Each structure stands twice: as structure tokens, then as C-alpha cells.
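Letter by letter, the chains look like this.
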Amino acid sequence: MSTMDKLILRNRSYRRFDQQESVSMQTLQELVNLARLSPSAANRQPLRYYLSCDPETNAKIFPTLAWAGYLRDWPGPEEGERPSAYIIILLDTEISKNAGCDHGIAAQSILLGATERELGGCIIASIQRDALRAALDIDPRYEILLVLALGKPKETVVIEPLPPDGDIRYWRTPDGAHHVPKRSLDDLILNH
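Caption draft 1: Seen up close, unusual backbone geometry. For A42, which is not a glycine, the phi torsion comes out positive at approximately 55°. Note that A42 resides in the loop between helix 2 (25-36) and strand 1 (47-52). Its identity is not glycine, yet Q45 carries a phi of approximately 55°, on the positive side. Note on placement: Q45 falls in the loop between helix 2 and strand 1. By relative accessible area, Q45 is classed as partly exposed at 40%.

Written as C-alpha cells, this is what we have:
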């Protein structure tokens, strides 16, 4: 198995972290540098980033996020299991009115870099954008696209084959392991 294969297999959506394990501002900057060097449609480079690794700012970000749509009775990580850092991906609307797929590419680059550094993360698009903008005083020129929650993972994520009924919903076992069903490669490739 190649290094990239291993990295992608370890890069899961983690939602519980060891909050005592800090992530430095330098690490966040290094991760954003990976996004900076990634492809951008028409090379516009319209993305901007808001970085947080201090507990006070993290506490402002956390309540504006929704954590796991399929786990309806779970309000998100409790104190002690919350992210140690966040990267907010923004679109500078004075450069472009549409991010295209740039933010997806940037998010994956950041998370692969985080995984290589023994960190984990979760891409969150379910955001109370107005509340987050107000909490951090983000200029309206910047559209909030995604929030990446980062930290030292404190949970096990298991990839499962998609069950015969085709249910794609993830679930947790009583021991807290997070199970994620994935479609087979044969199901994805049309011309085989």
C-alpha cells in the first residue's frame, strides 16, 4: 500500500478530540500553505482563512457548528473532546463570486497534511454563518464556506461495506467507535 493510500485511509471525519492536546498557530499556517499550493480554478486563488487555536476563540466558534446529522441525539463533542483548533475557509467575494470546487480541494489538502502530522479533522458545512460572522467580526466581503475542526483524534473510525439495503448513514457502537459505510469500488465505476 502506498504512502498516499495509507494517508487517505487514516484521514477520516473525526468528531471527538483530546482537547488537552494543543495545535500550534505554526501548524495551522503550515496546513494553510498546503492549501495555498493546491490547484485553484483559473488560478484566481480567492480563498482566505481564519485560524484559531486559542481556547477563547475556539469557544466562540464551537456553538455555531452542527456535528453529525445522522446522530440526531448527539449534540456534538462535550468539553474535553472538542477541537483544539479550527481553520475557517472563506471566499473573498471581491476576487470571485464563486469558489467552484476550490474549497473542497483546499480542505482535503489541509486534512491530508493534518493526518500526516498525527492530527485529525472534520469538514463542517453545517454552520450558523451569521452567528459565526458576528462572533469573530468577519467582514461581509468574505463568504464563510467551511469550517475545519482539528485536533488529536479521540475516537476510532471504522470503514464498513455498504449494507445490502444501501443505508449510507454512519452510526456508533456502544464502545463509541464510529462506523462509516462506503460503497464498493465496483459500484462506483460504470465501465467495467
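Caption draft 2: How the structure looks around the sheet that holds strand 5 (residues 157-161). Spatial ordering of the open sheet is given by 5-7-6, a layout of three strands whose pairing is mixed. The open sheet has two edge strands, strand 5 and strand 6 (171-172), and neither has a second partner. Where strand 5 meets strand 7 (residues 178-182), five bridges bridge the pair, whose relative direction is parallel. Each bridged residue has a counterpart across the sheet, and for P161 the counterpart in strand 7 is K182.

Caption draft 3: Local environment of the pairing of strand 7. Most of strand 7 is tucked away: four of the five residues are buried. When strand 6 meets strand 7, the two strands line up antiparallel, connected through two bridges. Among the inter-strand pairings, W171 is bridged to a residue of strand 7, identified as H179.

Caption draft 4: Geometry of the packing of helix 1 (residues 3-10) against helix 4 (residues 102-116). Axis separation between helix 1 and helix 4 bottoms out at 9 Å; the angle between their running directions is 100°. By the criterion of interaxial angle, the relationship of helix 1 to helix 4 is roughly perpendicular. For the pair helix 1 and helix 4, contact is made by M4, L7, I8 and R10 and by L112, T115 and E116, respectively. When its residues are assigned to classes, the contact of helix 1 with helix 4 shows four nonpolar, one polar and two charged.

Caption draft 5: Expanded view of the nonpolar core. The biggest cluster of nonpolar side chains holds 24 residues, and the ones touching the most others in it are I61, L65, W67, Y86, I88, L132 and V147. For this core, the secondary-structure elements that each account for two or more residues are strand 2 (85-92), strand 3 (120-124), helix 5 (129-136) and strand 4 (142-151). Not counting chain neighbours up to four residues away, the residues in contact with I61 comprise S52, Y86, I88, L132, L136 and V147. If you look at the next biggest cluster of nonpolar residues, it comprises 21 residues, including L28, V32, L47 and I87.

Conventions and cut-offs
- Residues numbered from 1 in each chain as written.
- Predicted model: local features only at pLDDT ≥ 70, side-chain atom pairs only at ≥ 80, totals over all residues.
- Heavy atoms only, no water.
- Helix = DSSP H or I, 4+ residues; strand = E, 2+ residues; numbered from the N terminus.
- Buried < 20%, exposed > 50% of the residue type's maximum accessible area, 1.4 Å probe, protein only.
- Pairing = 2+ DSSP bridges.
- Axes fitted to C-alpha atoms, helices over the stretch in contact; angles between N-to-C directions.
- Parallel < 35°, antiparallel > 145°, perpendicular 65-115°, else oblique.
- Contact = heavy atoms within 4.5 Å.
- Nonpolar A, V, L, I, M, F, W, Y, C, P; charged D, E, K, R; others polar.
- Core = buried A, V, L, I, M, F, W, Y, C linked by side-chain atoms within 4.5 Å.

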